[in-house]
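# An overview of the molecular structure
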Amino acid sequence: GQNIDQPTEMTATEGAIVQINCTYQTSGFNGLFWYQQHAGEAPTFLSYNVLDGLEEKGRFSSFLSRSKGYSYLLLKELQMKDSASYLCAVAGEGQNFVFGPGTRLSVLP
Amino acid sequence: DTAVSQTPKYLVTQMGNDKSIKCEQNLGHDTMYWYKQDSKKFLKIMFSYNNKELIINETVPNRFSPKSPDKAHLNLHINSLELGDSAVYFCASRESGSWTGELFFGEGSRLTVL
């Protein structure tokens, strides 16, 4: 079966750092993805991890531990425009691509 | 040029009607998906096609029937619409040849059943 878990909501202050966690148990593993989705829009790709460790991309970084079934997305120097939902997704066996429930992040001034 | 395009963007209809949503991608990808995002914002996979062949068919009522005339198109037909079908339906595509390939999403089709 597939199970991906994330916190439902998080709040942080502009300029701060926030870490959004994701745990997963899936049939097969071929990579973990993070997507950002603003209200009323389609999800957009942020990052991809298939090996253990940290991937950095500007203000955003993503970490993966396959043995623990765990990932996090780190957002630095938060801006108001970062207020959005962040979706953790796993590419499983076959062409399966399963999303977690998403974490709604609110950035306050 | 839009990479993944869906039509219509908005659809309002009565219970019991039949409706279709169309999707086209110009990225040359060989795998396409339909996802449903309900009011709680959970993005749930419905179907996936690889080179016109159905490869993923999640627990979805028979009223939903996908069709892929070619690998660039994936349409979704819904019969006898119910109130619970109200949601945003996203089409997406990716290249199966590489597991680094992320999903590219269309803008979504918001279906409202009255």
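Note that this is a predicted model, so its numbers are computed, not measured.

Judged by nonpolar contacts, the single largest core of 21 residues is most densely connected at Ile4(A), Leu32(A), Trp34(A), Leu75(A), Leu78(A), Tyr86(A) and Leu105(A). Residues within four places of Leu32(A) in sequence aside, it is in contact with Cys22(A), Tyr24(A), Ser47(A), Tyr48(A), Asn49(A), Leu64(A), Ser71(A), Cys88(A), Ala89(A) and Val90(A). Val4(B), Leu11(B), Val60(B) and Leu76(B) belong to the second largest nonpolar core, which has 20 residues in total.

Bringing the pairing of strand 9 (residues 84-91) of chain A into the picture now. All names here are of chain A. Strand 9 sits mainly inside the fold: eight of its eight residues count as buried. Side chains Ala84, Tyr86, Cys88 and Val90 of strand 9 all project onto a buried face; the interleaved residues Ser85, Leu87, Ala89 and Ala91 project onto the opposite face, where all are buried too. Where strand 4 (residues 32-37) lies against strand 9, six bridges are found, and the strand directions are antiparallel. Residue Tyr35 lies in a different strand from strand 9, and its bridge partner there is Leu87. Here strand 9 runs beside strand 11 (residues 103-108); their pairing, made up of three bridges, is antiparallel. By the bridge assignment, Ala84 is partnered in strand 11 with Leu105. Pairing geometry for strand 9 and strand 10 (residues 97-99), over three bridges, is antiparallel. Bridging across to strand 10, Ala89 finds its partner in Phe99.

On to the pattern of salt bridges, then. A full pass over the atoms with the stated rule returns seven salt bridges over all chains. A salt bridge links Glu9(A) to Arg104(A); the nearest nitrogen and oxygen atoms lie 3.0 Å apart. Of this pair, Glu9(A) sits in strand 2 (residues 9-13) while Arg104(A) sits in strand 11, placing them 95 residues apart in sequence. A salt bridge links Asp52(A) to Arg66(A), with the nearest nitrogen and oxygen atoms 3.1 Å apart. Of the two residues, Asp52(A) sits in the loop between strand 5 (44-49) and strand 6 (53-57) while Arg66(A) sits in the loop between strand 7 (60-65) and strand 8 (70-75), which places them 14 residues apart along the sequence. Relative accessible area serves as the criterion here: at 44%, Asp52(A) is assigned to the partly exposed category. Here the residues in one salt-bridge network are Arg63(B), Glu82(B) and Asp85(B), joined through shared partners.

Cut-offs used in this document
- Residues numbered from 1 in each chain as written.
- Chains lettered and ligands numbered in written order.
- Predicted model: local features only at pLDDT ≥ 70, side-chain atom pairs only at ≥ 80, totals over all residues.
- Heavy atoms only, no water.
- Core = buried A, V, L, I, M, F, W, Y, C linked by side-chain atoms within 4.5 Å.
- Buried < 20%, exposed > 50% of the residue type's maximum accessible area, 1.4 Å probe, protein only.
- Contact = heavy atoms within 4.5 Å.
- Helix = DSSP H or I, 4+ residues; strand = E, 2+ residues; numbered from the N terminus.
- Pairing = 2+ DSSP bridges.
- Salt bridge = Lys/Arg side-chain N within 4 Å of Asp/Glu carboxyl O.

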